[in-house]
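# Structure at a glance
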Amino acid sequence: MNQPSAFAERTAASPPPPSTVLLVGNPNVGKTSLFNALAGLRAKTANYPGITVDLREAVLPVAAVDDDSRCQATSDICLIDLPGLYSLDPASPEEEIAARRISGQLGGIADCVVVVVDATNMARTLVLASEILELNLPTVVAVNLIDAAESRGIQVQTDRLSERLGCPVVAVSARTGRGLAELRESIYQVVKPTKPVLPIARASCVAGCTGCPYAARFDWADGVAGASTQQGESHGVQLEWLDRWLTSRWVGLVALLAVMFSVFFLIFSLADIPMSVIETCFGWAGDRIGDLLPHQPLNRLLWFPIAAASSLAVAAGAFKLNETRWTPVSGTLVVLVSVLIGLMPLEDFRSLVIEGVIGGIAGVVVFLPQICILFFFITLLEDSGYMARGAFVMERIMRRVGLPGKAFVPMLSAHACAIPGIMAARTIETWRDRLVTILVLPLLTCSARLPVYVMVAALLFGDSPAKAALMFAGAYLLGLIAALSTAFVLKKTVVRGEASPMILELPRYRLPSLRNAWFTMLDRAFVFLRQAGSTILLISVVLWALATYPKLPESQDYSSDLTRAQASLEYSYAGRAGRLVEPVFAPLGFDWKIDVGIISSFAAREVLVSTLSIVYGLGEEGADDARGLVETLRDQTAADGSPVFSTATCFSLLVFFVLAMQCLPTQVVTKRETGSWKWAILQFVYMTMLAYVAALVVYQTLAAAGYDQIT
Amino acid sequence: MATLSMPAVSTAPVATSSLTLAEIGPGWVRCQEVTAVGIDSIRLRRLGICPGRLVELVGRGDPMILNVSGTRIGLSRQLASFVQVEPVAGSAPASPR
Ligand SMILES: Nc1nc2c(ncn2[C@@H]2O[C@H](COP(=O)(O)OP(=O)(O)OP(=O)(O)O)[C@@H](O)[C@H]2O)c(=O)[nH]1
Ligand SMILES: [Mg+2]
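Here the structure is a predicted model, which means the values were calculated and not measured.

Here we take up the overall build of chain A. From N to C terminus, chain A includes 31 helices and 10 strands. Burial analysis of chain A (711 residues in total) assigns 54% to the buried set. Taking all contacts inside chain A whose residues are at least 6 apart in sequence as the whole, residues at least 24 apart take part in 74%.

Quick look at the structure:
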């Protein structure tokens, strides 16, 4: 058919849904780079019910490159970036998703499949192409990395390749942008509305195979690649020597440690300024909003709709962000809460907005710079090809405790925050290995623990930076040892079996692309905000309510606001709960006030410091002034005159916080990634028990040695 | 240049010396049989470690490093012991890409 009729067809009815185009290929052939080059900022994370893998998709126009640009026809496509896979027989959950998406079991049959192959390694990456071609879907083959191939003297004859494969072949470079227009045109030719989408019947690429189909495919691909590429002279891989060092037993390990150390150094040194900027911004926003809220109680009739509506709006925003569905139950709940909020006294509303909502969100967003920097560098390292070497080197060590070598990337991330660590565990192929990794990750020292460590260090070794540094190192080490030994115990008990033995492609070294790292970073940062942000909002509102209600009886007078705040916390549910659990925590050397801190930091451990500051009568601001808080804490004495924060109690508190779960957002992510609350609960139970027992041993030992009397 | 495809299936192993990948030294070998089962078998084959194909052992150790169709692959000794191989004469036969 010709174009005018296509035009008529498209304008007659509502525009047809965009054709779906899948980007398919082996891992690391540049699918994501190609996706970014084609889609730019249009990408968003696609949501398929029931799968945890984030597929990125973007709607964009593709056009015929006509002689006359005025009558250029375009068509919208929905481009989807699939996880890399080696064959349609999946060996990991991500590959399974990709395979199911290609075969149409997930989201329907695609209108076009773009198979991305690597020009520098045609023979091997064409193997998957042969499998896809046999599905008889409309296919385009994109020979990516053509720039790298040419600089290595490899010539690819796309016309010959196209002849052999029986489908359009385009040479492209996601890096330089070469061939992208031709690729768009080829896609357009396949999906253009007039064309009857008839599968092109192809002679089976691998005919008459009786034995191992893989071997036949590899042989076929060798033949095709040999016929359509010409090897140049300058083929020598100059990085051979580097690889020998990086994969060697000892040098490789030292190099890995150096790389990890540098990443951390960068995270902590670069994130400092943006973190304090974010804190200041939230403080400022809290003040501004505080000013905006009316100070005099307004007319009830006027105030109620405003307050209830804004609460509804916030809830709707959180639902949207988290992509939660509105159900009758959640809808009713939200409306009820909004009504309650509308009926609240103005004072309470103000405190809810400033301390509950803004304070709670600020508590998550401050970690965003660290997470962005972490992902930026991890993506650079991954793109360069180094991460696979890291996994290779770690394999020797990790296997002993039942973890796969690949677990080291999640473990690296978890030292900034367990949430991105758990998300990074998706690169681990088998379910058992991934589960064990996820279960032990929260034991690693994340940056939310640091405020607690800082406080304890100031209490114990305020005068000796060297000893404080030693204590920090000890806390990190304790977390690491606990994680590795837990993996070992899990291997013998709950999650039996060995880590699945390694077979891992060590990709060629490449110069990483900053653009790619930037896009990945934005993507991950958004996922983090979505995951943690909406959960934290809910948690902070609940915690705020627990620490605020019931209110103090009006009759009493207090000498100052501080004593009032202290008394009202004592009177609240959180305060009562602290007293209730006092006998449980007494053997660890904690008094009821510390217990209030532990309860309120149940959802987010960094809250401990500000809570202690309130229970000990310094007010919220006291927490910012570490010296003031530490002095106050030091002066606290128990009924018998012994100090509350004795050396024994401090160590016990430290050990407790190294090992305890105390982070609800992490548990929500564990649930999401493992698909059941069972594992999140197991994580919580074992970590809390471990923390309790370890702190008990520490306290009782030190107390027996007399350290419970001195600070 | 390997323009002619190699035999798709390994011809019936003559006098199976049954050496495995885990036991050999650096150099080129031809895979004869992959005795792994289930997912491990798929993981090996789809990366090109399948009967009839040539692979080069580049670095010994556990995990070891192979060169398969021009790509480096890290392979644990445990999996390697499922791959029966026969040595091939000469160093790099006809540049198996
Ligand atoms: N020189 C060059 N490098 C490229 C090109 N396309 C991608 N790369 C690089 O190849 C590496 C892998 O790219 P990705 O886009 O992450 O590959 P992928 O196929 O999405 O990988 P998976 O998602 O792991 O399957 C990165 O270092 C890219 O910068 C290209 O056309 N030329
Ligand atoms: Mg990708």
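Picking up where we left off.
Another point: the interface of chain B and chain A. Of the residues lining the interface, 37 residues belong to chain B; the matching set on chain A comes to 41 residues. Both sides together, the interface formed by chain B and chain A hides about 3500 Å², and carbon and sulfur atoms give 57% of it. Summed over the shared surface of chain B and chain A, the number is 7 salt bridges. Among the elements of the structure, α1 (38-45), β4 (64-68), β5 (71-75) and α2 (77-80) of chain B are those that each provide at least two residues to the side of chain B that touches chain A. Of the residues forming the side of chain B that touches chain A, the biggest block, 6 residues, is contributed by α1(B).

A few words on unusual backbone geometry. In this structure, A:P550 follows A:Y549 across a cis peptide bond, with omega equal to -10°. Considering the arrangement of structural elements, one finds A:P550 in the loop between α22 (514-548) and α23 (561-571). Following B:D62, the chain continues into B:P63 via a peptide bond in cis, with omega recorded as 0°. Here B:P63 is to be found in the loop between β3 (54-59) and β4. One non-glycine residue, A:N28, lies in the positive phi region at around 70°. Here A:N28 is to be found in the loop between β1 (19-25) and α2 (31-39). In this structure, A:L145 takes a positive phi of about 60° despite not being glycine. On the secondary structure map, A:L145 appears in the loop between β6 (139-144) and α5 (146-151).

Once that is clear, we can look at the site of ligand 1. Residues and elements named next belong to chain A. Close contacts around ligand 1 come from 18 residues, with K31, T32, S33, A174 and R510 the closest. Here G84 contributes a backbone N or O atom positioned 3.3 Å from an oxygen atom of ligand 1. Take S173: an N or O atom from its side chain is 3.2 Å from an oxygen atom of ligand 1. The leading source of residues in the shell around ligand 1 is α2, at 3 residues. By residue class, the composition of the shell around ligand 1 is 4 nonpolar, 9 polar and 5 charged.

Residue and element names in this part refer to chain A. Grouped together as the largest cluster of nonpolar side chains are 122 residues, with contacts concentrated most on M455, F645 and F656. Per element, the largest residue contribution to this core is 11 residues, and it comes from helix α15 (residues 368-384). Within the second largest apolar cluster, 46 residues are counted, among which are L133, I154, C167 and Y214.

With that out of the way, let us pick up the pairing of strand β4 (residues 74-81) of chain A. All names here are of chain A. The element β4 is extensively covered by neighbouring structure, given that 6 of its 8 residues are classed as buried. Where β1 meets β4, 5 bridges bridge the pair, whose relative direction is parallel. Directly across from L23, in β4, lies its bridge partner D81. Pairing of strand β3 (residues 55-63) with β4 involves 8 bridges; the strand directions are antiparallel. Pairing of E57 across the sheet is with I80, part of β4.

This part takes up the side chain of A:R605. Residues and elements named next belong to chain A. Tracing the backbone through its elements, the reader meets R605 in the loop between α26 (592-600) and α27 (607-615). There is a polar contact of 3.3 Å between the side chain of R605 and the backbone oxygen of A660. Among residues more than four places away in sequence, those in contact with R605 are P442, C446, A448, R449, V452, F657, A660, M661, Q662 and C663.

Moving on to the pattern of salt bridges. Residues and elements named next belong to chain A. Under the criterion given, the structure shown has 26 salt bridges over all chains. For E134, the salt bridge goes to R217, with nearest N and O atoms at 3.4 Å. With E134 in helix α4 (residues 122-134) and R217 in helix α8 (residues 213-228), this residue pair connects regions lying 83 residues apart in the sequence. Judged by relative accessible area, which is 29%, E134 ranks as partly exposed. A salt bridge links D291 to R288; the shortest N-O distance between them is 3.3 Å.

With that out of the way, let us pick up the confidence of the model for chain A. Residues and elements named next belong to chain A. When pLDDT is averaged across chain A, the result is 83; 88% of the residues are at 70 or more. A low-confidence stretch, residues 1-13 stays under pLDDT 50, and its non-local contacts, those more than four residues away or across chains, total 12 contacts. Counting contacts from residues 195-205, a segment whose pLDDT is below 50, to residues more than four positions away or on other chains yields 18 contacts.

All right, on to the packing of aromatic side chains then. Residue and element names in this part refer to chain A. Applying the stated rule across the entire model yields 11 aromatic pairs over all chains. Consider the rings of W544 and Y549, whose centres lie 5.7 Å apart with planes at 85°: the pair is edge-to-face. Residue classification places W544 among the buried residues on the basis of a relative accessible area of 8%. Arranged with centres 5.7 Å apart and planes meeting at 85°, the rings of F602 and F684 form a pair that is edge-to-face.

Quick look at the packing of helix α20 (residues 450-461) of chain A against helix α21 (residues 465-492) of chain A now. All names here are of chain A. At a closest axis distance of 10 Å, the pairing of α20 and α21 adopts a crossing angle of 140°. It follows from the interaxial angle that α20 and α21 lie oblique. α20 and α21 meet at a crossing whose hand is right-handed. Counted together, L450, Y453, V454, V456, A457 and F461 of α20 and K467, A468, M471, F472, A475 and Y476 of α21 form the full contact between these two elements. For the contact of α20 with α21, the residue count by class is 11 nonpolar, no polar and 1 charged.

Here is what the cut-offs are and how they apply
Residues numbered from 1 in each chain as written. Chains lettered and ligands numbered in written order. Predicted model: local features only at pLDDT ≥ 70, side-chain atom pairs only at ≥ 80, totals over all residues. Heavy atoms only, no water. Helix = DSSP H or I, 4+ residues; strand = E, 2+ residues; numbered from the N terminus. Buried < 20%, exposed > 50% of the residue type's maximum accessible area, 1.4 Å probe, protein only. Contact = heavy atoms within 4.5 Å. Buried area = accessible area lost by both parts, 1.4 Å probe. Salt bridge = Lys/Arg side-chain N within 4 Å of Asp/Glu carboxyl O. Near = heavy atom within 4 Å. Polar contact = N/O pair within 3.5 Å; in protein donor to acceptor, adjacent residues only side chain to side chain. Nonpolar A, V, L, I, M, F, W, Y, C, P; charged D, E, K, R; others polar. Core = buried A, V, L, I, M, F, W, Y, C linked by side-chain atoms within 4.5 Å. Pairing = 2+ DSSP bridges. pLDDT = per-residue confidence, 0-100. Phe/Tyr/Trp six-rings, centres within 6.5 Å; stacked < 30°, edge-to-face > 60°. Axes fitted to C-alpha atoms, helices over the stretch in contact; angles between N-to-C directions. Parallel < 35°, antiparallel > 145°, perpendicular 65-115°, else oblique. Left-handed = near helix turned anticlockwise from the far one by under 90°.

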